[in-house]
Every structure is written in C-alpha cells, then in structure tokens.
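Okay, here's what each chain looks like letter by letter:
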Amino acid sequence: MATTDDPVRSRTQDAFPVDNPVQALLRDHDLVRKLADAYRNTQSADVRKQAATQLIHAIHMHSRLEEGVFYPGVRRVDPNLIARFEEDHLAVDDLLATLQGMSLDEARTEPLVRELIDAVLSHIRQEEEQLFPELKQAALDLTSIGLEMQAFEANLVHMQAQLSDQASRR
Ligand SMILES: [Fe+2]
Ligand SMILES: [Fe+2]
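Residues numbered from 1 in each chain as written. Chains lettered and ligands numbered in written order. Predicted model: local features only at pLDDT ≥ 70, side-chain atom pairs only at ≥ 80, totals over all residues. Heavy atoms only, no water.

Undergrad: How should I be thinking about the coordination of the iron ion (ligand 1) in this particular structure?
TA: For a metal with four donors in a tetrahedral arrangement, the ideal angle between donors is 109.5 degrees, while six donors in an octahedron ideally sit at 90 or 180 degrees. On the protein side, the iron ion (ligand 1) has E66 (OE), Y71 (OH), H89 (NE2), H123 (NE2) and E127 (OE) as donor atoms, found 2.0 to 2.6 Å from it. In primary-sequence terms, the residues that donate to the iron ion (ligand 1) follow E-x4-Y-x17-H-x33-H-x3-E. In this structure, the iron ion (ligand 1) is positioned 3.3 Å from the iron ion (ligand 2), and both are ligated by E66. Pair noted here: H123 and E127 are both in helix α5 (residues 109–138), with a separation of 4 residues, about one helical turn. E127 carries the same exposure label as H123, and that label is buried. (Donors = N, O, S within 2.8 Å, 3.2 Å for Na, K, Ca; no water. Helix = DSSP H or I, 4+ residues; strand = E, 2+ residues; numbered from the N terminus. Buried < 20%, exposed > 50% of the residue type's maximum accessible area, 1.4 Å probe, protein only.)

Undergrad: How do you make sense of the nonpolar core when you look at a structure like this?
TA: One recurring pattern in soluble globular proteins is that nonpolar side chains are buried together. Counting 23 residues, the largest nonpolar core has V32, I59, L116, I117 and V120 as the members making the most contacts within it. For this core, the elements supplying multiple residues, two or more each, are α2 (21–41), α3 (45–77), α4 (83–100) and α5. With 7 residues, α5 is the largest single contributor of residues to this core. With residues near it in sequence (within four places) discarded, V32 still touches L55, A58, I59, V120, L121 and I124. In terms of nonpolar packing, the next biggest core, distinct from the first, is built from 19 residues, V69, F70, L135 and I145 among them. (Core = buried A, V, L, I, M, F, W, Y, C linked by side-chain atoms within 4.5 Å. Contact = heavy atoms within 4.5 Å.)

Undergrad: Please explain the pattern of salt bridges as it appears in this structure.
TA: If the charged atoms of two oppositely charged side chains come close together, the side chains can form a pair. Under the definition given, this model contains 9 salt bridges. We note a salt bridge from R33 to D30, for which the minimum N-O separation is 3.5 Å. You can see R33 and its partner D30 sitting in helix α2, 3 residues apart, about one turn around the helix. The class for D30 is partly exposed, based on a relative accessible area of 48%. The closest approach of N and O atoms between E86 and R75, which form a salt bridge, is 2.5 Å. Of this pair, E86 sits in helix α4 while R75 sits in helix α3, placing them 11 residues apart in sequence. Note on E86: relative accessible area 24%, which makes it partly exposed. Salt bridges here are not isolated pairs; linked through shared partners, they connect D30, R33 and E128. (Salt bridge = Lys/Arg side-chain N within 4 Å of Asp/Glu carboxyl O.)

In structure tokens:
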C-alpha cells in the first residue's frame with residue numbers, strides 16, 4: 001500500500017471491501033492504534049497535537065460509520081449482539097464532544113485524550129475478540145450492510161471535505 005503523510009486520508013482512498021465490511025472496520029481500528037501509539041510515544045508537543053487531531057477525526061468517522069450503519073444493520077439480524085458495544089459508544093461520544101469543543105493546545109486536554117485512547121482501545125479490542133468472531137460464526141451475509149457503509153462513508157468524506165473547504169475560505 002502507498003504510504004502518505006496523512007494516514008486518515010490514505011484510509012479513505014482505499015477501495016471499500018463491500019463483501020466484507022468488518023475488514024473496513026479493522027482497517028479503522030489499525031489506524032486508531034497507530035495514531036494512539038504516535039500520541040503516546042512522542043516527546044514532541046507538535047507531534048502529539050497532530051496525532052490528537054487525527055485521532056479525534058479517525059474515531060469520529062469510525063463511530064459515525066458504526067453507529068449510523070454497521071450497528072443498526074447487525075441489530076436487524078440480532079439485537080443482542082451489539083447492545084453493550086453501543087453503550088461504550090455513548091461514553092466515547094461524550095469524550096469526543098468535549099474534546100471537539102476544546103483547543104488541543106490546552107494542557108488540560110491531555111488527560112481527556114488519554115482517557116479517550118484507553119476507552120477506545122479497550123472497546124475495539126472487545127469488538128475484535130467478541131463481536132467480529134460472533135458475526136463470523138453466524139456466517140451472515142453482510143454485503144447489504146457493506147454497500148450501505150460504502151455509501152455512508154463516501155457521503156461522510158464528501159461532507160467533511162466541504163466543511164474543511166468552507167473553513168479554509170473563511
Ligand atoms: Fe465500536
Ligand atoms: Fe469499531
């Protein structure tokens with residue numbers, strides 16, 4: 001895969017695996033882990049700030065995709081599978097909303113970013129160890145969910161691009 005300075009952008013440029021949407025979620029998880037490592041392992045305040053910005057964006061996009069399409073799609077098949085994962089999302093969404101309203105220069109954001117990282121890493125590990133294997137075992141055809149996710153993500157990326165375009169023209 002081509003490398004780029006912007007891992008968030010490179011994620012969205014890859015073809016969406018319509019017949020295996022879990023693959024797309026796993027790619028997001030890998031990106032989140034990579035950005036969390038970058039945040040935790042640097043001594044540089046600038047690198048940390050950039051990693052935090054990208055991390056918040058990556059988690060935001062991933063959560064919209066899961067909450068908007070993947071979870072509702074799975075819920076139609078088996079409502080019990082995802083209830084507790086949706087609860088995790090409520091807690092993470094609260095943290096995200098708080099952080100999105102703050103300047104990342106502020107020292108007081110650091111404990112919140114670390115709390116966000118801990119919560120998200122634990123959540124994605126549980127999705128990978130429990131939810132995804134259960135889905136695989138159930139041998140469901142997830143293609144219709146995959147198609148919906150592809151369209152949803154394309155729309156999300158388009159809206160984000162418009163927003164940043166508007167912001168840069170202001
Ligand atoms: Fe999730
Ligand atoms: Fe996830």
